[in-house]
Amino acid sequence: MSKYLVNLKINNIPVTVEEGTTILDAAKKLNFSIPTLCYHEDLSVAGNCRVCLVEVSGARNLAASCATPVSEGMEVFTNSKNVRTSRKHVVELLLSEHNADCTKCFKNGHCELQDLASAYRIGDHVFIDLVKPKDKVIDISSPSICKDDSKCIRCQRCVRTCAELQAVSALAVCHKGDHQRISTFLGKPMHEVVCTNCGQCINRCPTGALTERSYIEEVWEAINDLGKHVVVQTAPAVRVALGEDLGMELGTRVTGKMVSALRHVGFDSVLDTDFTADLTILEEGNELLRRLKKVLVDKDETVALPMFTSCSPGWIKYIEHMFSEQLPNLSTCKSPQQMFGALAKTYYAQRKNINPKNMVVVSIMPCTAKKFESGRPEMRDSGYQDVDYVLTTRELAMMIKQAGIDFSKLDEDGYDTIMGDSTGAAVIFGSTGGVMEAALRTVYEVVTGREVPFTNLNIVPVRGMEGVKEARIMLKDVKPDFSYLEGVEVSVAIAHGLSNAKKIMEAVRDGKATYHFVEVMACPGGCLGGGGQPIPTSPDIRKKRAEAIYSEDEGLIRRKSHENPEVLQIYKEFLIEPLGHKSHDLLHTHYKPRKRY
Amino acid sequence: METNVLKKVDIIFDITDCDYLKILDRCMSKTQDEVILDIIDSGLKGRGGAGFPTGLKWKFTKNEDSDVKYVICNADEGEPGTFKDREILDRVPEKVFTGMAICGYAIGAKEGYIYLRGEYNFLKKNLQAKIDLFNKQTIEKNFDFTIFLRSGSGAYICGEESALFESMEGFRGEPRNKPPYPTIAGYNWKPTVINNVETLVYVSMICNLGPDKFKELGTKDSRGSKVFSVSGDTPNAGIYEIELGMPLEQFVDAFGDGDTKAVQVGGASGHCVPRKNFNDTIIGFEGIPTGGSMMIFNSSRSMYNVLHDYLEFFTEESCGQCTPCRVGCQQLLKGIEAVKKGDRKPSYLEELKKLALTMKSAAKCGLGQSVANPFNSIIDNFREEIIY
């Protein structure tokens, strides 16, 4: 059904748009840019910062263009005297309650308020400084997220992110008037509340009020310590986003340059989380088959299906808090990051003759929850903390800049061996549906001896940005070992963003959905939209990153995890078999329920 | 300009010849449109302060196509210096219920809610008993309309209609973006008429005596009478029903203590009128409209303190969501303090006046938009008192 068209004029230029379009979007059509702060493409409209005000002829007051729909015959002015005065006032007011110590701020140069202040040349403080000393005490209790209330401009993007995208509501508005603030439950420290550490709030904070806990200095310290062997691993989604923070075009793949840069920065071994992503598929795929067998053949009612993936630490903490009764459904596999850490300090250390005591494992992750995950008590199976420091994509970009490396001019380089090789199946872990696709490529082939019945291995039904995706795949003419799966139609689902995960969890809990295998990623778009990725984020940006991921996969010769030669080698030399004793000790774990408040 | 002499009347609290069930019967013998036309014809405007024509509001809501519609009685009387609704609900609540039921009939709503100010909880027990009786009587008449009572929690902002809906729905009391207006999407995002307590009483009066009777009072732009809450430096503090359209001079003559320096018309969010303007100021929609609050100040009062109090009030009662109101209120408050102390030059007051005007056009709701009323009128008229 087509919508009515509405004719209006913006700055005296006629434009026709669909009914229901906001003034902001109509102005975009004419290439008039209107500044915004509380507005975000991923979120509902708040209309509270009042930066996007415009003048509408005949209206008593200015209108927030993000929240005002167009109407027939409307005449809008985006740059009238009244608009300019008011907008400048609004920016000045925001600055008066903002701790503008920009040079010290993690977001310096990436701050939307700073950009506005600069655009409007707001130098001297016109108004009285309202920053409260107590707000300058930064909450660094969380290993993932720093909350600095003195930088907060109350746009509530974080609040909407946490409620709308993640269904968590760790952050909410409390109090009113001059005491109004964004607070955790009862104002408790971040590490004590129901926060999944996903960092989506950071990605949408226009200022430096929410930032990651940075470990850059600790990593430099380790690199500079000649007694330490510093190993670095890079997650799948980093390579399609890092370039954004280093002046390259959106959607550029920078895998080779990134490896070069890591060597220049001074890491001793440059390895790939993709290696353990492939390994995860073998462990998790076999776990799925084992569960299916127990259910279908042994009629074991204690075995939980569907099995949920366990790669996303934000998702893990969410299920621990919100759906702890379904923890048995969670795959026992650690995330690829943690599998990597446990193997680096055992397998890699042995083969390369490094004392694991002197080894420092650093992860480059698109994620802030990984910072929390690395410190979990479950993650010390090597005898040491398996992963020592986790840096976000943004932090790596910062280190590369600090090291004075001209990233765009770097030659491409390859990963070091024995834990550096990977397949296309591992690369697509970075996108929503990727773990599922990688698992199906392997499981289907293991069970039937044939490749998945999709053109060029591309399992299109599990791809894309719909919040919840479902797919079915029929198992026919299976190998004798898997006769119990003959004629079974495997039913899978994929969710990204925790509010979508919640929908699946409730459907499964209430018996309204019967799946065998469910992939959940905490962040919208999967890891490519992770809380540690370059800012800004939007549906379009995530789409470009996904395209880059899938093209990286298509360009690789090996695209199935079970064909990774180094994975085959580690089973031969060290792990012996999937789900074996060594795997049990190093690669699997169990999680415990957490309180809901 | 047409002006009246001050005339006290007794309509609101008069209970002679006021059988509310008969009034309902009479209304229901007319069509919905006829009832709405009567209200439009009477010229009744909202008595909460904003003065939107009541009949039009009803007409818009009636014209919306929706199974569910609501009538809400805004009894969140929070404007400083206003205390008339409390008295109305205490003394003649049936008139309010009747007004709500008439509205429900006219617009096709089956549920009505009274949103009662948190501080008026002491009225609750008595009010609930009377609501129960009224609901029983409407059921007996086969009239499908039920009234419910809801308590506020003490926030001034929840008197703003869309914040009130949010509060009723269980959310934080924050004003919504408009449009859509309540007549299209109000409580539970359904078409809603929200009227002030006093407005609903006049509705039942108009339906009882006819619109012509109502039109006999007041002026062309301000029909009828209005209940005023008189406070401050007056020997006659209290509640008075007065015909609209009188000059402020006459009001001061009747209620002042002989030394009146200024009258704050319309509560903290209203205008401050200095002595020199008393004779030129009409109390009504053609002059200065008011929700009923009339605060009288004599020469012993510091207008700096008055303004300071108001600004403290707004700083605390702003919901805090929009920048102009949350930060603007604080800046106005700290600003006059700084000028008083000498930390800022008197000329800083001009900057603050400009800021107040920005708040007027840029704030999201009536709260932030109206701070300029007291601020600029007090600064303009009592500048010396602010500085020295």
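The rules behind these values
- Residues numbered from 1 in each chain as written.
- Chains lettered and ligands numbered in written order.
- Predicted model: local features only at pLDDT ≥ 70, side-chain atom pairs only at ≥ 80, totals over all residues.
- Heavy atoms only, no water.
- Helix = DSSP H or I, 4+ residues; strand = E, 2+ residues; numbered from the N terminus.
- Buried < 20%, exposed > 50% of the residue type's maximum accessible area, 1.4 Å probe, protein only.
- Contact = heavy atoms within 4.5 Å.
- Areas by Shrake-Rupley, 256 points an atom, 1.4 Å probe, with all protein chains shown as cover.
- Lys, Arg positive; Asp, Glu negative; His and termini not counted.
- Charge placed at Lys NZ, Arg CZ, Asp CG, Glu CD.
- Domains from an automatic or database assignment.
- Buried area = accessible area lost by both parts, 1.4 Å probe.
- Salt bridge = Lys/Arg side-chain N within 4 Å of Asp/Glu carboxyl O.
- Polar contact = N/O pair within 3.5 Å; in protein donor to acceptor, adjacent residues only side chain to side chain.
- Arc of directions from axis to C-beta.
- Pairing = 2+ DSSP bridges.
- Axes fitted to C-alpha atoms, helices over the stretch in contact; angles between N-to-C directions.
- Patch = residues over 30% accessible without salt bridge, like charges linked within 9 Å, V, L, I, M, F, W, Y side chains within 5 Å.
- Parallel < 35°, antiparallel > 145°, perpendicular 65-115°, else oblique.
- Nonpolar A, V, L, I, M, F, W, Y, C, P; charged D, E, K, R; others polar.
- Core = buried A, V, L, I, M, F, W, Y, C linked by side-chain atoms within 4.5 Å.
- Expected span 1.5 Å × (residues − 1).

## Brief notes about the overall build of chain A
So, step 1. Looking only at helices and strands, one finds 18 helices and 17 strands in chain A.
So, step 2. Oriented by its inertia axes, the alpha-carbon framework of chain A measures out at about 80 × 65 × 50 Å.
So, step 3. For chain A, the residues scored as buried account for 62% of the 597 residues in total.
So, step 4. For chain A, the share of sequence-separated contacts (at least 6 apart) that also reach a separation of at least 24 residues comes to 75%.
So, step 5. As presented, chain A carries roughly 23,200 Å² of accessible surface, and 51% of it is formed by carbon and sulfur atoms.
So, step 6. In chain A, 73 positive and 76 negative side-chain charges are present, and the distance between their average locations comes to 4 Å.

## Here we look at the domain arrangement of chain A
All names here are of chain A.
So, step 1. Its domain assignment divides chain A into domain 1 (5–92), domain 2 (97–212) and domain 3 (284–334 + 429–535 + 545–586).
So, step 2. Averaged C-alpha coordinates put domain 2 and domain 3 at centres separated by 36 Å.
So, step 3. Contacts between the two partners involve 17 residues from domain 2, matched on the other side by 19 residues from domain 3.
So, step 4. A combined buried area of about 1,300 Å² lies between domain 2 and domain 3, and 56% of that area is made up of carbon and sulfur atoms.
So, step 5. Connecting domain 2 to domain 3 are zero salt bridges.
So, step 6. For the pair domain 2 and domain 3, the number of links is nine residue pairs in polar contact (both at pLDDT 80 or more).
So, step 7. Those elements that place two or more of their residues in the side of domain 2 that touches domain 3 are α4 (157–165) and α5 (200–204).

## Description of helix α3 (residues 112–119) of chain A
Each turn of an α-helix holds 3.6 residues, which means side chains three or four residues apart point in the same direction.
All names here are of chain A.
So, step 1. Every buried residue of α3 is accounted for by Leu-113, Leu-116 and Ala-117. Within α3, the buried residues cover an arc of 100° as seen down the axis, which keeps them to one side.
So, step 2. Check the buried side of α3 and you find it contacts α2 (81–96).

## Quick word on the sheet that holds strand β9 (residues 271–274) of chain B
All names here are of chain B.
So, step 1. Read across the open sheet, the five strands follow the order β6-β5-β11-β8-β9; overall the sheet is mixed. Each edge of the open sheet is held by one strand with a lone partner, namely β6 (238–243) and β9. The mean angle between the axes of side-by-side strands here comes to 30°, regardless of whether they run parallel or antiparallel.
So, step 2. Pairing of strand β8 (residues 260–265) with β9, which is carried by four bridges, proceeds in the antiparallel orientation. Residue pairing across strands places Val-263 opposite Val-273, the latter belonging to β9.
So, step 3. Together, β5 (225–232) and β6 form the strand contacts of helix α8 (residues 197–209), whose direction differs from that of β5 by roughly 145°.
So, step 4. Sitting on the sheet, helix α11 (residues 303–317) is in contact with β8, β9 and β11 (293–298), with an inclination near 150° to β11.

## Comments concerning the pattern of salt bridges
So, step 1. The final tally for this structure, using the stated rule, is 69 salt bridges over all chains.
So, step 2. Between A:Glu97 and B:Arg326 there is a salt bridge, with its nearest N and O atoms 2.5 Å apart. Here the residue A:Glu97 occupies a position in the loop between α2 and α3, and B:Arg326 occupies one in helix α12 (residues 323–341), the pair thus bridging two chains. The same class applies to A:Glu97 as to B:Arg326, namely buried.
So, step 3. Measuring nitrogen to oxygen at the nearest pair gives 3.5 Å for the salt bridge that ties A:Asp135 to A:Arg181.

## Quick notes on a negative patch on the surface
All names here are of chain A.
So, step 1. A grouping of Glu-217, Glu-218, Glu-221 and Asp-225 is seen on the molecular surface, where their side chains present a negatively charged patch.
So, step 2. Checked against the element boundaries, Glu-221 lands in helix α6 (residues 216–224).
So, step 3. Since its relative accessible area comes to 60%, Glu-221 is described here as exposed.

## Looking at the packing of helix α2 (residues 32–42) of chain B against α8(B)
For any two helices packed against each other, one specifies the inter-axial angle together with the distance between the axes.
Residue and element names in this part refer to chain B.
So, step 1. Contact geometry of α2 with α8 gives a least axis separation of 10 Å together with a crossing angle of 105°. Judged by the angle between their axes, α2 and α8 are roughly perpendicular. Two secondary-structure elements touch here, α2 through Asp-38, Ile-39 and Ser-42 and α8 through Val-203, Ile-206 and Cys-207.
So, step 2. Tallied by class, residues from the contact of α2 with α8 come to four nonpolar, one polar and one charged.

## What to know about the interface of chain B and chain A
So, step 1. Across the contact, 35 residues belong to chain B and 34 residues belong to chain A.
So, step 2. Of the roughly 2,800 Å² buried where chain B meets chain A, counting both sides, 52% is carbon and sulfur surface.
So, step 3. The interface formed by chain B and chain A holds two salt bridges in total.
So, step 4. Notably, a salt bridge pairs B:Glu317 with A:Lys176, separated by 3.3 Å at the nearest N-O pair.

## Considerations on unusual backbone geometry
Residue and element names in this part refer to chain A.
So, step 1. In this structure, Pro-306 follows Leu-305 across a cis peptide bond, with omega equal to -5°.
So, step 2. Within the element layout of this structure, Pro-306 appears in the loop between α8 (273–296) and β12 (307–308).
So, step 3. The linkage connecting Ile-535 with the following residue, Pro-536, adopts the cis geometry, with an omega of 10°.
So, step 4. For Pro-536, the location among the structural elements is in the loop between β17 (517–521) and α16 (539–554).
So, step 5. The phi torsion at Ala-167 lies on the positive side, around 55°, for a residue other than glycine.
So, step 6. On the secondary structure map, Ala-167 appears in the loop between α4 and β7 (172–174).

## So, the nonpolar core
All names here are of chain A.
So, step 1. Within the largest apolar cluster, 64 residues are counted, with the highest numbers of intra-cluster contacts made by Leu-242, Phe-267, Leu-343 and Met-419.
So, step 2. No other element matches helix α10 (residues 336–351), which puts eight residues into this core.
So, step 3. Excluding anything up to four places from it in sequence, Leu-343 contacts Phe-275, Thr-276, Leu-279, Tyr-348, Met-419, Ile-570, Phe-574, Leu-575, Leu-586 and Leu-587.

## Observations concerning the sheet that holds strand β2 (residues 13–18) of chain A
Residue and element names in this part refer to chain A.
So, step 1. Taken in spatial order, the five strands line up as β2-β1-β5-β3-β4 in an open sheet, and their pairing is mixed. Looking at the sheet topology across the chains shown, the edges are occupied by β2 and β4 (63–64).
So, step 2. As defined by bridge partners, strand β1 (residues 5–10) adjoins strand β5 (residues 75–77) across two bridges and the pair is classed as parallel. Residue pairing for β5: Ile-10 is matched across the bridge by Val-76.
So, step 3. Taken strand by strand, α2 contacts β3 (53–56) and β5, and its axis lies near 155° from that of β3.

## As for the domain arrangement of chain B
All names here are of chain B.
So, step 1. Domain annotation for chain B reports domain 1 (20–215), domain 2 (225–298) and domain 3 (303–387).
So, step 2. Taken together, the contact between domain 1 and domain 2 spans 16 residues of the former and 21 residues of the latter.
So, step 3. Overall, the association of domain 1 and domain 2 removes approximately 1,300 Å² of surface from exposure, summing both partners, and the carbon and sulfur fraction of that is 59%.
So, step 4. Along the contact surface separating domain 1 from domain 2 lie one salt bridge.
So, step 5. We note a salt bridge from Glu-198 to Lys-226, for which the minimum N-O separation is 2.6 Å.
So, step 6. Viewed at the interface, domain 2 and domain 1 are joined by twelve residue pairs in polar contact (both at pLDDT 80 or more).
So, step 7. Going through the elements one at a time, α4 (84–91) and α8 are the ones with two or more residues in the side of domain 1 that touches domain 2.
So, step 8. The class makeup of the residues in the side of domain 1 that touches domain 2 is four nonpolar, six polar and six charged.

## Looking at the side chain of A:Gln233
Residue and element names in this part refer to chain A.
So, step 1. Examined against the element boundaries, Gln-233 turns out to sit in strand β10 (residues 229–234).
So, step 2. A distance of 3.3 Å separates a polar side-chain atom of Gln-233 from the backbone oxygen of Gln-337.
So, step 3. Excluding residues within four positions of it along the chain, Gln-233 makes contact with Leu-271, Thr-273, Pro-336, Gln-337, Phe-340, Gly-341, Val-361, Val-362, Ser-363, Ile-364, Met-365 and Val-387.

## Details of helix α15 (residues 498–509) of chain A
Residues and elements named next belong to chain A.
So, step 1. An ideal rise of 1.5 Å per residue puts 16 Å on twelve residues; α15 measures up with 16 Å between its terminal C-alpha atoms.
So, step 2. What α15 keeps buried is the set Leu-498, Ser-499, Asn-500, Ala-501, Ile-504, Met-505 and Val-508.
So, step 3. The elements touched by buried residues of α15 are α4, β12, α9 (313–322), β15 (468–474), β16 (489–496) and β17.
So, step 4. Positive backbone phi, at 70°, marks Gly-511, one or two positions downstream of α15.

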